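# Structural overview for review
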Amino acid sequence: MNGFQLYFRLIQISLLSRMQYRANFIAGILGLIFWNVINLGLIGILVTQFTSLKDWTLWQLVFLYSLWVLGYSLYSLFFSHTSELENYLLEGSFDQFLLRPASPLVQLLGRELQHTEIANALIGLTGISLAYTQLDLHWEVWKWGFFFAAVVSSAIIALAINLLIACSGFWTGRSRGTSIIVNQFYGLVQQYPLDVFGSAFRFIVTGLIPLAFMNYYPALVLLNKVDRTNPGWWLSYVSPLVALLLIGLVSLVWRLGLDRYSSSGS
Amino acid sequence: MKIFWSFTRQAFQFISAYRFNFFMEFVLSILRMYGIYWVWRVLYTQKPGAFGVSLDQMVTYGVMGMALELFIWSRPQWYISNQVKSGAIDTDLMKPLDFHFYMLARSVGETMIGVSVLAIPALLVAYLVLHVQLPPDVLTGLIFAISLILGFLLLFHLNFILGSLSVVALDIRHISWAYFSVVRFLGGQIVPLWLFPTAIRAIAEVLPFKGTYFIPISIYIGTITGAEAIRAIEFQLVWVVVLVIVSRMLWGWAYRRLVVQGG
């Protein structure tokens, strides 16, 4: 079996075990729908009372939010359990991964499928299509291409950031604290355009934790909001590049981490 | 009183054991306050003094909304649900204490720590950096304190009710997502009720949720004053009484279910 076949076999097994809990699945989907509708409702109320947020209108904000939800749901659907790496390292159960004759990375990635996230993907798609018609957007072919690339990049960026944080566990043993911090940035970048915040915040989510490439920068292109007079205008187009760079960085750190790994012995 | 104190001590020991996590919580609440501060500033450039509320008041509202989340930090529903899942709930039930009172004492203890270690330091930073206001006078501060305690009791009982449901539902993780967002929304944690569209506002006005965030913070920034403040406190009081009764009945019912299951 090669890596891909193994991955799909693992996913299949996990899905079978998950489907044993059907009531939980339905409750999960309802919970997610509620969560998103209320988030959007809050933004909606703010923007209708104040007409717009900087120069972002209601439907542009819905687009921004939904683009994030769609990209992030792809990450969560397949990979959200990567944050469990910390526990495997602490409990020493990571040894199992090394004993089996298959790539430890494939084993980690294929461990689970968060199937309730399908609801998030659908919410993201619904939001984007509603915004697309409301804003009367007419994308050329290259923009459709850019849109798909942006969604995939967004999922990859989320995966890379989370894996990098999880890998820090190889050196420090603990990584949860950092991941909580990054999670908080998620909420802010997801709901509000960067224009709102001060320059320190913009710098952090562009250069340090490149979350803004998940929705804000590509959304500028897709909503025709790129301002060529701004010296940073090219940032709007480079999400796929950022995703590629991060993949390279993650595979390097992962290999270094594996070399560094010594079992906790428990 | 002794029992509350012993839970406070226990919560403090827990925090000292996970110091890094609590430091992170602290950084996060500052980050949340910073975020909400910018959102209101930007919105107010479009409509200065919107709805008769000044920018300073609005920023204070937003920051207090984040701070109160730390104040009402205790989450008895997780405790109950974990104990039920692991079966360890029988040791809680064997204690010579009324379970509802035991959970309340635990929550009070945890909250005292949450306030002194997280909420007050974070608010101090906010006062210095984000120009958050103090209450206009001592009397307002006093009424705010009363309203805040009632808000805590309200949220505790809502959480306790959710926790009791976990005896029957077993996994409340997904239900809690919906629950949290309802409290945040109808409680007015981020967006105050006066901005709501009329229909939603009418619903939010009668439900208990507005007593958790909206009433205490509105009293604090001075948009609810005088006779209106007294009425608001009465509203909280009535709901606390109702929820205490519901909690006790519901727990009694869940408890019988628990015994049938064999723990």
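The rules behind each value
Residues numbered from 1 in each chain as written. Chains lettered and ligands numbered in written order. Predicted model: local features only at pLDDT ≥ 70, side-chain atom pairs only at ≥ 80, totals over all residues. Heavy atoms only, no water. Helix = DSSP H or I, 4+ residues; strand = E, 2+ residues; numbered from the N terminus. Buried < 20%, exposed > 50% of the residue type's maximum accessible area, 1.4 Å probe, protein only. Contact = heavy atoms within 4.5 Å. Lys, Arg positive; Asp, Glu negative; His and termini not counted. Charge placed at Lys NZ, Arg CZ, Asp CG, Glu CD. Rg over C-alpha atoms; globule rule 2.2 N^0.38 Å. Areas by Shrake-Rupley, 256 points an atom, 1.4 Å probe, with all protein chains shown as cover. Core = buried A, V, L, I, M, F, W, Y, C linked by side-chain atoms within 4.5 Å. pLDDT = per-residue confidence, 0-100. Nonpolar A, V, L, I, M, F, W, Y, C, P; charged D, E, K, R; others polar. Expected span 1.5 Å × (residues − 1). Salt bridge = Lys/Arg side-chain N within 4 Å of Asp/Glu carboxyl O. Phe/Tyr/Trp six-rings, centres within 6.5 Å; stacked < 30°, edge-to-face > 60°. Lys NZ or Arg CZ within 6 Å of the ring centre and 35° of its normal. Axes fitted to C-alpha atoms, helices over the stretch in contact; angles between N-to-C directions. Parallel < 35°, antiparallel > 145°, perpendicular 65-115°, else oblique. Left-handed = near helix turned anticlockwise from the far one by under 90°.

Another aspect to go through is the overall build of chain B. Counting its regular elements, chain B contains 11 helices and zero strands. Ordered by position from N to C terminus, the α and β elements of chain B give α-α-α-α-α-α-α-α-α-α-α. Along the first, second and third principal axes, the C-alpha atoms of chain B reach 60 × 40 × 35 Å. A burial count over chain B gives 54% of its 263 residues as buried. Considering only contacts in chain B between residues 6 or more positions apart, those separated by 24 or more positions represent 79%. One finds the centroid of the 18 positive side-chain charges in chain B at a distance of 4 Å from the centroid of its 12 negative side-chain charges.

Our next topic: the overall build of chain A. What chain A contains, in helices and strands, is 12 helices and zero strands. Secondary structure elements of chain A, listed N to C terminal, follow the sequence α-α-α-α-α-α-α-α-α-α-α-α. Relative to the 2.2 N^0.38 estimate, which gives 18 Å for 266 residues, the radius of gyration of chain A is 20 Å and therefore close to what a compact globule would have. Each principal axis of the C-alpha atoms in chain A carries an extent, and together these give about 60 × 45 × 35 Å. When each of the 266 residues of chain A is scored for burial, the buried share is 54%. Sequence-distant contacts in chain A: of pairs separated by 6 or more residues, those separated by 24 or more amount to 77%. Accessible area of chain A: about 12,300 Å², with a carbon and sulfur share of 67%. Averaged over its 14 positive side-chain charges, chain A has a centre that lies 4 Å from the centre of its 12 negative ones.

Right, let's talk about the nonpolar core for a bit. Ranked by size, the top nonpolar core spans 173 residues in total, and within it Phe63(A), Leu85(A), Phe94(A), Leu211(A), Met33(B), Trp40(B) and Val63(B) carry the most contacts. Looking at this core, the element that brings in the most residues is helix α8 (residues 141-172) of chain A, giving 14 residues. What Met33(B) contacts, discounting residues up to four positions off in sequence, is Val63(B), Met66(B), Ala67(B), Ala122(B), Leu123(B), Ala126(B) and Leu130(B).

Further remarks concern the confidence of the model for chain A. Summarising the model, chain A shows a mean pLDDT of 83, and 95% of its residues fall at 70 or more. Of all helices and strands in chain A, the one with the weakest mean pLDDT is helix α9 (residues 176-191) of chain A (72), whereas helix α11 (residues 216-222) of chain A scores best (91).

The next thing to look at is the interface of chain A and chain B. Listed as interface residues are 30 residues of chain A and, on the opposing side, 32 residues of chain B. Every element with two or more residues in the side of chain A that touches chain B is listed here: α2 (22-50) and α9 of chain A. Grouping the amino acids of the side of chain A that touches chain B by side-chain chemistry returns 18 nonpolar, 11 polar and one charged.

Its 29 residues place the ends of α2(A) 43 Å apart at the C-alpha level, agreeing with the 42 Å of an ideal helix rising 1.5 Å per residue. A positive phi of about 60 degrees marks Thr51(A), the residue just after α2(A).

What follows covers the pattern of salt bridges. All names here are of chain B. Considering all chains together, one arrives at five salt bridges over all chains under this definition. Glu 205 serves as the salt-bridge partner of Lys 210, at 2.6 Å between the closest nitrogen and oxygen. Linked through salt bridges whose partners overlap, the residues forming this network are Arg 201, Glu 205 and Lys 210.

The full count for this structure, using the stated rule, is 39 aromatic pairs over all chains. Arranged with centres 5.4 Å apart and planes meeting at 75 degrees, the rings of Tyr7(A) and Phe8(A) form a pair that is edge-to-face. Here the aromatic rings of Trp251(B) and Tyr255(B) are separated by 6.4 Å at their centres, their planes lie at 40 degrees, and the arrangement is tilted. In this pair, Trp251(B) and Tyr255(B) both sit in helix α11 (residues 226-261), four residues apart, roughly one turn of the helix. Classification of Tyr255(B) by relative accessible area gives partly exposed; the value is 37%. Here the aromatic cluster, defined as three or more aromatic residues joined through ring pairs, consists of Phe63(A), Tyr132(A), Trp139(A), Trp144(A), Phe147(A) and Phe148(A). One residue, Lys225(A), lies across the ring of Trp56(A), its end atom 4.5 Å from the ring centre. Over the ring of Trp35(A) we find Arg184(B); its NZ or CZ atom is 5.0 Å from the centre of that ring.

This part covers the packing of helix α6 (residues 99-130) of chain B against helix α7 (residues 138-169) of chain B. Residues and elements named next belong to chain B. Interhelical geometry of α6 versus α7 gives an angle of 125 degrees and a closest axis separation of 11 Å. By the angle between their axes, α6 is oblique relative to α7. Taken as a pair, α6 and α7 cross one another with a handedness that is right-handed. Contacts from Phe 99, His 100, Met 103, Leu 104, Ser 107, Val 108 and Thr 111 in α6 reach Phe 152, Leu 153, Phe 156, His 157 and Phe 160 in α7. Across the contact of α6 with α7, the residue classes tally to eight nonpolar, four polar and no charged.

In this section: the environment of Leu142(B). Looking at the secondary structure, you find Leu142(B) in helix α7. As a C-alpha pair, Leu142(B) and Arg201(B) span 59 residues in sequence and 27 Å in three-dimensional space.

Within the secondary structure layout, Gln190(A) lies in helix α9. Discounting residues that sit within four places of it in the chain, Gln190(A) has contacts with Leu64(A), Tyr65(A), Trp68(A), Val69(A) and Asn215(A).

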